[in-house]
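Commentary on secondary and tertiary structure
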Amino acid sequence: MVDDQLDKRLKDLGKRVKTAQAKRAERTGASGGGRGKPAEGMAVGVRITVEMIAGLAVGVCIGLYADKQLGTAPWLLILGFLLGAGASFANVLRTARELDARQARERQAAIDRARDE
Amino acid sequence: MPQFDPTWFVSQIFWLVLVFGALYWLMVKRALPKVSKALDARAERIQGDLDRAAKLQRDAEITAETYEAAIAKARDEAREAIRAAQVATVADLDARQDVLSKELAAQASAAEARIAEASKDAMASVREIAVGTAQAAAGHLIGGNVDEAKAASAVDGILNRQTTH
Amino acid sequence: MAAAADGHGGGGGLDPLHQFEIYPILSINIGGYDVSFTNSSLWMVIAAVVAYLIISRGVGAGSLVPTRMQVVAETLYSTVANMVRDNVGDAGKKYFPFVFTLFMFVLFGNLLGMIPYSFTFTSHLAVTFAMAATIFVTITIIGIMRHGLHFFSLFFPAGAPLATAPILIPIEIISYLSRPVSLSVRLFANMMVGHTLLKVLGSFALMMGAAGILPLGLLVGITALEFLVAALQAYVFTILTCIYLHDAIHLH
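Keep in mind that this is a model prediction, so the values were computed, not measured.

Once that is clear, we can look at the overall build of chain B. When helices and strands are tallied, chain B shows two helices and zero strands. Its C-alpha atoms give chain B a radius of gyration of 62 Å, clearly above 15 Å, the size a compact globule of 165 residues would have. Its C-alpha atoms put chain B at 190 × 35 × 15 Å along the principal axes. With 165 residues in all, chain B has 16% of them scored as buried. Of the roughly 12,100 Å² that chain B leaves accessible, carbon and sulfur atoms contribute 63%.

Shown next, in the form of structure tokens:
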């Protein structure tokens, strides 16, 4: 029948328009994630290591400097070391939480994309 | 490590600030507006095209719907007309059948009346003939005249007996 | 790739650190400070020029259907734009040009450093620390300008018991101060370690002659990985800048 064909073609067109719109929404909405995976793993490792060292280093440096200025060696160095260790811990915790959040967001985006298809 | 030789620290930072500043200025003034313009133009164009496609598709759907509605309406009308014609025909047929059967009934009762009349007549003439015949036969047998009334009563008696039997 | 190996050994014998040596090209002295134009400065200029040309020439007339170079330029642009939007939000739009310039400068500093005989200015702590410190100071100023004294609530996690303040606040301050350190050390360490490794492997391959096939194969793999690291580190440097910016604007 002629109108059956017409109906089918119309439905087809509708579907095509919808997919094009969805694709566009995805492209304008989604973030530009998805980097190389092995290098990313390494980057996460390096990042957490560096965060740890940086906190400790800043604490120790402040302690050393204050000791030198005030002549209180080695007490402020020890205090700086302890606080620096705490800061390292806080840094690592924050980094891990942030990476977790990013991963969760990426996973959610992947799920959304899969559901749309 | 050469990285920790402070000889070039000042020079490096000096050139870093200079070069980065220049690059920032160039990006802001020249490069980035171009990119954002190109991207915006394309985004607008694609969005416009998509909107138009969606609108056209909607229009086409509406047209198809009106077309289908018109077809359905025409089909309904046709069906209605056929049904009405059928009803009219059946009514007409019924009416005619009625008239015909009434006519036939009238004819039949008239015929019945005629038949009854005829049979009554026939009965009457049968009696007359029987009376005559009986009178004549009796006259012959007994020689002499037989009273007509007597003959008639005899015939009636027989006839009555026959009809009661 | 073999040339890359050779390049990293260029002129330096077997010393893998020689590639980080700075030498003046044009001696300049301003106000008693030695601000000579060095090989480091030269590669900064080259990186800036390449970054500018890729964006500017790449987009060209800005045609509706992009050319190949335009795709590259637009991809770089939208990568950073998405990064800023996802990590900072709409308030970050203002800082997009700065973040973008930073990304391009670091990216091409890293990538051009892969060229044999070139110089990687991002493998110098002085440079990365100057960048990180500038970012740090700028972002802190942005935060204070936006929130005034309230900005310092960043140093005390909301909901923590008040008694823990004497410990938590110094820890949070040190943690905050460690940001430019970790930012700069990460970039510097990644670039330096990668390049040193390449150089060592390259020298190995040369020394071993015919038997150098094995380190050569390894070298090819490491070089590929180094390109990835170069891009990734630029990405991480920029994304962390965005995260710090987010903290300063939204105070967590």
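Each helix and strand in chain A was counted, giving three helices and zero strands. Seen in sequence order, chain A has helices and strands lined up from the N terminus as α-α-α. Per-residue burial over chain A gives 24% buried out of 117 residues. Within chain A, residue pairs in contact and separated by at least 24 positions form 58% of the contacts whose partners lie at least 6 positions apart.

Per the counting criterion, the structure on display carries 16 aromatic pairs over all chains. With 6.1 Å between their ring centres and 40 degrees between their planes, Phe152 of chain C and Phe155 of chain C make a pair best called tilted. The class of Phe152 of chain C is partly exposed, set by a relative accessible area of 40%. Aromatic ring contacts, followed pair by pair, group Phe20 and Tyr24 of chain B together with Phe98, Phe105 and Phe121 of chain C into a single cluster.

Moving on, we get to the side chain of Ser88 of chain A. As for its position among the elements, Ser88 of chain A is in helix α3 (residues 75-116). The residues touching Ser88 of chain A, leaving out its near neighbours within four places in the chain, are Glu51, Met52, Gly55 and Leu56 of chain A.

A cluster of like negative charges, contributed by Asp4 of chain A together with Glu61, Glu65 and Glu68 of chain B, occupies part of the molecular surface. No other element matches helix α1 (residues 9-142) of chain B, which puts three residues into the negative patch. With respect to the secondary-structure elements, Glu61 of chain B resides in helix α1. In this structure Glu61 of chain B comes out as partly exposed when scored by relative accessible area, which is 32%.

At the junction of the two partners, chain C supplies 49 residues and chain B supplies 31 residues. When the area that chain C buries against chain B is broken down by residue, the three leading residues are Tyr52, Leu64 and Tyr77 of chain C, summing to 18%. Where chain C touches chain B, the interface holds one salt bridge. The partner of Glu74 of chain C in a salt bridge is Arg42 of chain B, with the nearest N and O atoms 2.9 Å apart. Broken down by secondary-structure element, the contributors of at least two residues to the side of chain C that touches chain B are β3 (33-34), β4 (37-38), α2 (39-59), α3 (68-88), α4 (96-112), α5 (125-147) and α6 (165-207) of chain C. In terms of residue count, the dominant contributor to the side of chain C that touches chain B is α2 of chain C (11 residues). A per-class count over the side of chain C that touches chain B returns 33 nonpolar, 12 polar and four charged.

Leaving glycine aside, a negative phi is the common case for residues, and trans is the common case for peptide bonds. Omega for the bond connecting Ala73 of chain A with Pro74 of chain A falls within 30 degrees of zero, at 0 degrees, which places this linkage in the cis form. Mapped onto the fold, Pro74 of chain A is located in the loop between α2 (37-70) and α3. Of note, the phi angle at Tyr117 of chain C is positive, near 70 degrees, even though the residue is not glycine. Residue placement: Tyr117 of chain C occurs in the loop between α4 and α5.

So, about the nonpolar core. Ranked by size, the top nonpolar core spans 74 residues in total, and within it Met27 of chain B together with Ile55, Phe100, Met104 and Phe105 of chain C carry the most contacts. Secondary-structure elements contributing two or more residues to this core are α1 of chain B together with α2, α3, α4, α5, α6 and α7 (213-250) of chain C. With sequence-adjacent residues up to four places away left out, Phe100 of chain C is seen in contact with Met27 and Leu32 of chain B together with Ile55, Leu76, Tyr77 and Val80 of chain C. By size, the runner-up hydrophobic cluster in this structure holds eight residues, among which are Ala54, Val58, Leu83 and Ala90 of chain A.

Take the confidence of the model for chain A next. Residues and elements named next belong to chain A. With 84% of its residues at a pLDDT of at least 70, chain A reaches an overall mean of 81. Of all the helices and strands in chain A, helix α1 (residues 2-29) carries the lowest mean pLDDT, 75, while α3 carries the highest, 88. Every residue in residues 30-36 scores below 50 in pLDDT, and together they form 12 contacts with partners more than four places removed in sequence or on other chains.

A common way to express how large an interface is: the accessible area buried when the components associate. Taken together, the 30 residues of chain C in the interface contact 30 residues of chain A. Taking both sides of the interface into account, the surface hidden between chain C and chain A amounts to around 2,400 Å²; carbon and sulfur atoms contribute 67%. Linking chain C with chain A are two salt bridges, by the criterion used here. If you look at where chain C meets chain A, you find five residue pairs in polar contact (both at pLDDT 80 or more). Among the secondary structure elements, those contributing two or more residues to the side of chain C that touches chain A are α3, α6 and α7 of chain C. The class makeup of the residues in the side of chain C that touches chain A is 16 nonpolar, nine polar and five charged.

Each value, and the rule that gives it
Residues numbered from 1 in each chain as written. Chains lettered and ligands numbered in written order. Predicted model: local features only at pLDDT ≥ 70, side-chain atom pairs only at ≥ 80, totals over all residues. Heavy atoms only, no water. Helix = DSSP H or I, 4+ residues; strand = E, 2+ residues; numbered from the N terminus. Rg over C-alpha atoms; globule rule 2.2 N^0.38 Å. Buried < 20%, exposed > 50% of the residue type's maximum accessible area, 1.4 Å probe, protein only. Areas by Shrake-Rupley, 256 points an atom, 1.4 Å probe, with all protein chains shown as cover. Contact = heavy atoms within 4.5 Å. Phe/Tyr/Trp six-rings, centres within 6.5 Å; stacked < 30°, edge-to-face > 60°. Patch = residues over 30% accessible without salt bridge, like charges linked within 9 Å, V, L, I, M, F, W, Y side chains within 5 Å. Salt bridge = Lys/Arg side-chain N within 4 Å of Asp/Glu carboxyl O. Lys, Arg positive; Asp, Glu negative; His and termini not counted. Charge placed at Lys NZ, Arg CZ, Asp CG, Glu CD. Buried area = accessible area lost by both parts, 1.4 Å probe. Nonpolar A, V, L, I, M, F, W, Y, C, P; charged D, E, K, R; others polar. Core = buried A, V, L, I, M, F, W, Y, C linked by side-chain atoms within 4.5 Å. pLDDT = per-residue confidence, 0-100. Polar contact = N/O pair within 3.5 Å; in protein donor to acceptor, adjacent residues only side chain to side chain.

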